[in-house]
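Reading the structure
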Amino acid sequence: MFGKSKSKNMTMIILILFSLVFSGCAGSTSTSQDSAGDGQIVLKFLHKWPQPEYSPYFEEVVKEFEKQHPNIKISMEAVADEPMKDKLRVIMGGGSVPDIMFSWSGEFARKFVRSGAALDLTPYLREDAAWNDSFIPASLQPFSAEGKQYGIPLRFNGKFFVYNKQIFEKHQLEEPQTWNEFLDLLDKLKQAGETPIMLGNGSPWAAIHYLAGLNQKMVGTDVRIKDYDPRTGEFTDPGYIKALEYLKELQDKQYFNDNVNSNSHDMATQLFYAEKGAMIYVELEEFPTVEKNIQVEWDFFPMPEITEGKGNQHYITGAPDGFIVSSQTKHPQEAIMFLKFLTSKENAEKMVKQLGWPSPIVGATNDQTALKQVAEGVEVMKQAEGMAQWLDTDVHAKIADVYLSNIQLLLDGTKSPEEIMREVQAVAQEVKQEVN
Amino acid sequence: MLKTYQNGRSALPFILPALLLILMFVFLPMILNIYYSLFRWSAFSVEKVFVGWEYYARLFQDPVFYTALKNNSLYALISILFQVGGGLVIAAILEDRLFRKWQPLFRTIFFIPSVISIAVVGLLWQLLYNPDIGLVNGVIKAIGQTEWAHAWLGDSKTAIYAVIAVSQWQFTGYMTMLFLIAMHKIPSELYEASMIDGANRIQTFFAITIPQIKDMILVGTIITVIGAFKVFDEVYVMTFGGPGRSTEVLGTMVYRAAFRNDEMGYATTIATVIFVITFTLSVLQMKLSKSGREV
């Protein structure tokens, strides 16, 4: 009885099997369609702020944009900071690339440029001078490569030492101008029984941000730019070792809290809010959180100048975050329209007000829209002669990885600055061969 | 009817769907994985550059590979000791007449950790290990051994042991459950006979319990060893291979190569090596125990 209908059975089974397999595939293709049934254009938009305190802003802006442009629908997706690093790689490999996607500036964005995945935005900016001029110039520069503009900044970020004014006043201390004054200040705090700086280096980017500034201050700008470029990087300048030594000195003299590698940045900030430490090194975007959580008065200062350093001492550590447009997008005009809408002065002011983030749009971050300290921070950044971008997104991923994994060992005393730089140099050679 | 079953060809329609699925989702990716490991490519790259066996040569010169291999082996050894050995002892104790009344309670208590998501367990233990506010150091200090207090996850010398310990806490109960189930199947006549012969508890454990649940022990060992070489989540959540590279395992190495360093070719190379290692280990275990051919 089986024998007779054997071939029938087999056909059935194969049919079912294939329908199963292909229905699975079909599901994924239908979502990547770029126009909905009624002739609407669908733009895929990927950002990195799914947190409940941030996502409503994006939802509101998207809704408003859709209201003004009924023919365009924005399909928005958000993943958090760490997962974004993986997500972008997976979508680039998978082929279903969003039209507008988040990217860090610097080398992280240049990677898209090198592989031809990012749309050249220069003509669009040239076409609309008003839009171009609405940005603080220093915020556009980190998104450019070889004279072309590949990214549009959404927010502007700098790194500053935030300090507890009460503790400073108690010990009659002042903001330091130079590194030596800074060390002096730290020493006085230590002597007075305070923990000078809170640091949570469980995720090593925290200490890497110190190094971003120290490298920039210690190494001549031309040399550093050449080294940070994966095609020409050598990292042989003694300034890099010096920079690591400066950081190590802070740890060796116990200016940080205990167990830096076991604590997270969040933990460190919590301890700072609880007034357990005098200072913490944080980003401008964290200022509103500081204001909300700390009970005493606070102020901030940038990383002090290092007199013997060969780099420009009037730089600020920081970078803009923003968006790039996929080179494969079928609707570049619409994507640019959306980016223009997102960076319009009105929406920028709304962002500053609602999220407390500093905006790269001229005049959007002011006393009315932002916290006093945030507005001041943006002023400091406007006067800066340039930006030292986050070291872990400004150098090639493999070099960043060497820095990131070794910085914990530097702080716990397992590796010396010389050993670390030897590793960096070796990887830089490797990268050079691969890229060229 | 019987004849129909013996006819090989008529079995085909029944086997074919599963066969096709296995080919498509297991064997094809495996072969592709080896193929991809011969190329230099990243998610961002436009084309794949053929490099042959270059990545394999590089892997065997990579000191991190040996750290990872060492960490995975440590994981396997300690896990066999605690999960298989410890699980066996706990199961035997719970099966004992004296404790049988309490068995359901302890069974549940020991089993609970293994059903909690690893991400949660990782975060929980990260907090417990925290040198300033964590419970681990708190307990150590409370019993007066202050000099033992330590930055468990923050020190490159202890971090790997701290991570492995969490796995033992989480999965020993699971193994205990497996052994208990196997022990329940042992006919009680065997124990009664041994008691009449005057054997004590330790003797019955070695003479009856262990031989009777040999297959379960083997399965348990295979699960543990393969699990130890595939471990990823605990390390990822608690230390991400750090401090430095001290807790790097093969799994995190693949992840780092693929998703951090943009070297998909190198990542597939490491993945191939993991496959070879786990495959060899399972074959070896099957052969050594002469099992898997039960009638």
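Here, every reference points to the structure presented above.
A brief structural summary.

Procedures and definitions
The numbering scheme is per chain: residues are counted from 1 as the chain's sequence reads. All chains are assigned letters beginning with A, and all ligands numbers beginning with 1, in the order in which they are written. With the structure being a predicted model, the display of local features is reserved for residues of pLDDT at least 70 and the display and counting of side-chain atom pairs for 80 or more, all residues being used for whole-chain, interface and lining totals. Only hydrogens and water are set aside when side-chain values are computed; all heavy atoms of the structure are taken into account. In this description a helix means any DSSP run of H or I spanning at least four residues, a strand means any run of E spanning at least two, and both kinds are numbered starting from the N terminus. Only protein chains enter the calculation, and the probe is 1.4 Å; a residue is then buried if its accessible area is under 20% of its type maximum, exposed if over 50%, and partly exposed in between. Per-residue and other accessible areas follow the Shrake-Rupley method at a 1.4 Å probe size, with only the shown protein chains counted as cover for residues. This count recognises Lys and Arg as positive and Asp and Glu as negative, with His and chain-terminal groups excluded. Positions of charges follow a simple convention, taking NZ of Lys, CZ of Arg, CG of Asp or CD of Glu. Should any heavy atoms of two residues lie within 4.5 Å, those residues are counted as being in contact. Buried area counts how much accessible surface, traced with a 1.4 Å probe, disappears from two parts once they are put together, with both parts' losses summed. Any Lys or Arg side-chain nitrogen found within 4 Å of a carboxyl oxygen on Asp or Glu counts as a salt bridge. Here the expected span of a helix is defined as 1.5 Å times the quantity of residues minus one. In short, DSSP must find at least two bridges between two strands for them to pair. We call a crossover right-handed when, viewed with the strands running away from us, the connection from the first strand over the helix to the second turns clockwise. Centre distance within 6.5 Å is the pairing criterion for rings of Phe, Tyr and Trp, where only the six-membered ring of Trp is used; planes under 30 degrees apart are then read as stacked, over 60 as edge-to-face, and the remainder as tilted. Any Lys NZ or Arg CZ found within 6 Å of a ring centre and within 35 degrees of that ring's normal is scored as a charge over the ring. To be clear, the arc concerns the directions from the helix axis to the C-beta atoms. Within 3.5 Å is the distance limit for a polar contact, defined as a pair of N or O atoms, with the added protein rule that one can donate a hydrogen and the other accept it, and that residues adjacent in sequence qualify only through two side-chain atoms. Angles shown run from 0 to 180 degrees and are taken between the N-to-C directions of axes, each axis being a line fitted to C-alpha atoms and, for helices, limited to the stretch in contact. Should an angle lie under 35 degrees it is considered roughly parallel, over 145 roughly antiparallel, and from 65 to 115 roughly perpendicular; all remaining angles are considered oblique. Crossing handedness is read from the near helix: turned anticlockwise from the far helix by less than a right angle, it gives a left-handed crossing, and turned clockwise, a right-handed one. For this classification, the nonpolar set comprises Ala, Val, Leu, Ile, Met, Phe, Trp, Tyr, Cys and Pro, the charged set comprises Asp, Glu, Lys and Arg, and every other residue, Gly included, is treated as polar.

1. Side note on the overall build of chain B
Along chain B, the regular secondary structure elements total 14 helices and two strands. Counting only C-alpha atoms, chain B reaches 75 × 75 × 30 Å along its principal axes. Evaluated residue by residue, chain B yields a buried proportion of 44% over its 295 residues. Total accessible area computed for chain B in this model is approximately 16300 Å², and 71% of it derives from carbon and sulfur atoms. Considering chain B, the positive charge centre built from 22 side chains and the negative charge centre built from 18 side chains are found 6 Å apart.

2. Section: the side chain of Lys248(A)
Within the element layout of this structure, Lys248(A) appears in helix 12 (residues 238-252). If near-sequence neighbours (up to four positions away) are discounted, Lys248(A) is found in contact with Leu410(A), Gly413(A) and Pro417(A).

3. Let's talk about the interface of chain B and chain A
Each partner contributes residues to the interface: chain B has 38 residues there, and chain A has 33 residues. Counting the surface lost from both chain B and chain A, the interface buries some 3200 Å², and carbon and sulfur atoms represent 61% of this. Taken together, the connections running from chain B to chain A amount to six salt bridges. One salt bridge in this structure joins Asp401(A) and Arg245(B), with 2.5 Å as the shortest N-O distance.

4. Regarding helix 3 (residues 81-94) of chain A
A rise of 1.5 Å per residue sets the reference length of helix 3 of chain A, with its 14 residues, at 20 Å; its end C-alpha atoms lie 20 Å apart and thus fit the reference within 8%. Against the buried residues of helix 3 of chain A lie strand 1 (41-47), strand 3 (100-104), helix 4 (107-114) and helix 19 (397-411) of chain A together with helix 12 (233-238) and helix 13 (250-260) of chain B.

5. Digging into the pairing of strand 1 of chain A
Two faces make up the sheet, and in a regular strand the side chains alternate between them. All names here are of chain A. The element strand 1 is largely enclosed, with a buried count of six among its seven residues. By the bridge criterion, seven bridges tie strand 1 to strand 2 (residues 72-78) in an arrangement that is parallel. Bridge assignment links Ile41 to a residue of strand 2, and that residue is Ile72. Once you follow strand 1 into helix 2 (residues 55-68) and on to strand 2, the crossover reads as right-handed. In this structure, strand 1 lies alongside strand 3, joined through two bridges in parallel fashion. Across the sheet, Phe45 pairs through a bridge with Ile100, a residue of strand 3.

6. So, the packing of aromatic side chains
All names here are of chain A. By the definition in use, this model includes 53 aromatic pairs over all chains. Considering the side-chain rings of Phe65 and Phe338, the 5.0 Å spacing of their centres and the 75 degrees angle between planes classify their relative orientation as edge-to-face. In this pair, Phe65 sits in helix 2 while Phe338 sits in helix 15 (residues 332-342), placing the two residues 273 residues apart along the sequence. Over the aromatic face of Trp104 sits the side chain of Lys85, whose NZ or CZ is 5.5 Å from the ring centroid. One residue, Arg155, lies across the ring of Trp357, its end atom 4.6 Å from the ring centre.

7. Looking at the pattern of salt bridges
Residues and elements named next belong to chain A. The tally for this structure, following the rule as stated, stands at 39 salt bridges over all chains. Between Glu77 and Lys87 there is a salt bridge, with the nearest N and O atoms lying 2.8 Å from each other. Taken as a pair, Glu77 in strand 2 and Lys87 in helix 3 lie far apart in primary sequence, 10 residues in all. Assessed through its relative accessible area of 22%, Lys87 is described here as partly exposed.

8. Digging into the environment of Ser42(B)
Residue and element names in this part refer to chain B. Within the secondary structure layout, Ser42 lies in the loop between strand 1 (39-40) and strand 2 (49-50). Considered as a pair, Ser42 and Gly265 are 223 residues apart in the sequence and their alpha carbons are 7.3 Å apart. Setting aside its immediate chain neighbours within four residues, Ser42 contacts Asp262 and Met264.

9. Thoughts on unusual backbone geometry
Peptide bonds are mostly trans, and most non-glycine residues show a negative phi. Cis peptide bonds are those with omega within 30 degrees of zero, and the linkage from Gly242(B) to Pro243(B) qualifies with -5 degrees. One can find Pro243(B) in the loop between helix 12 and helix 13. Of note, Glu146(A) is a non-glycine position whose phi angle comes to about 50 degrees, a positive value. Topologically, Glu146(A) is positioned in the loop between strand 4 (144-145) and strand 5 (148-149). Despite not being glycine, Asp262(B) shows a phi value in the positive range, around 55 degrees. Mapping Asp262(B) onto the fold places it in the loop between helix 13 and helix 14 (264-289).

10. Quick look at helix 10 (residues 201-212) of chain B
All names here are of chain B. Helix length check: helix 10, at 12 residues, gives a terminal C-alpha distance of 15 Å against a target of 16 Å (1.5 Å per residue), a fit within 8%. Listed in full, the buried residues belonging to helix 10 are Thr204, Phe205, Ile208 and Thr209. Down the axis of helix 10, the smallest arc covering the buried residues is 125 degrees, so these residues share one side. Residues Ile202, Phe206 and Ala207 are exposed on helix 10 and point more than 90 degrees away from its buried face. Looking at the buried side of helix 10, the elements it contacts are helix 4 (63-95), helix 8 (159-184) and helix 9 (188-196). Taking the backbone nitrogen of Ile202 as reference, a side-chain oxygen 3.2 Å away marks Asn200 as the first, capping residue of helix 10.

11. Quick notes on the packing of helix 3 (residues 54-61) of chain B against helix 14 of chain B
Residues and elements named next belong to chain B. Running from N to C, helix 3 and helix 14 cross one another at 70 degrees; their axes reach a closest spacing of 9 Å. Classed by the angle they form, the pair helix 3 and helix 14 counts as roughly perpendicular. For the pair helix 3 and helix 14, the crossing hand works out as right-handed. Contacts from Tyr55, Tyr56, Arg58 and Leu59 in helix 3 reach Gly265, Tyr266, Thr269, Ile270, Thr272 and Val273 in helix 14. Its residues placed into classes, the contact of helix 3 with helix 14 shows six nonpolar, three polar and one charged.

12. Some details on the environment of Ile41(A)
Residue and element names in this part refer to chain A. Along the chain, Ile41 turns up in strand 1. Ile41 gets classed as buried once you look at its relative accessible area, which sits at 15%. Distance from Ile41 to Gln354, taken between C-alpha atoms, is 29 Å for residues 313 residues apart in sequence.

13. Details of the side chain of Ser194(B)
Looking at the element boundaries, Ser194(B) is found in helix 9. Among residues more than four places away in sequence, those in contact with Ser194(B) are Ala199(B), Thr204(B) and Ile208(B).

14. Focus: the environment of Asp120(A)
Residue and element names in this part refer to chain A. Along the chain, Asp120 falls in the loop between helix 4 and helix 5 (122-127). On the basis of relative accessibility, which here comes to 23%, the residue Asp120 falls in the partly exposed class. In this structure the C-alpha to C-alpha distance between Asp120 and His396, which are 276 residues apart in sequence, comes to 21 Å. The residues touching Asp120, leaving out its near neighbours within four places in the chain, are Lys148, Gln149 and Tyr150.

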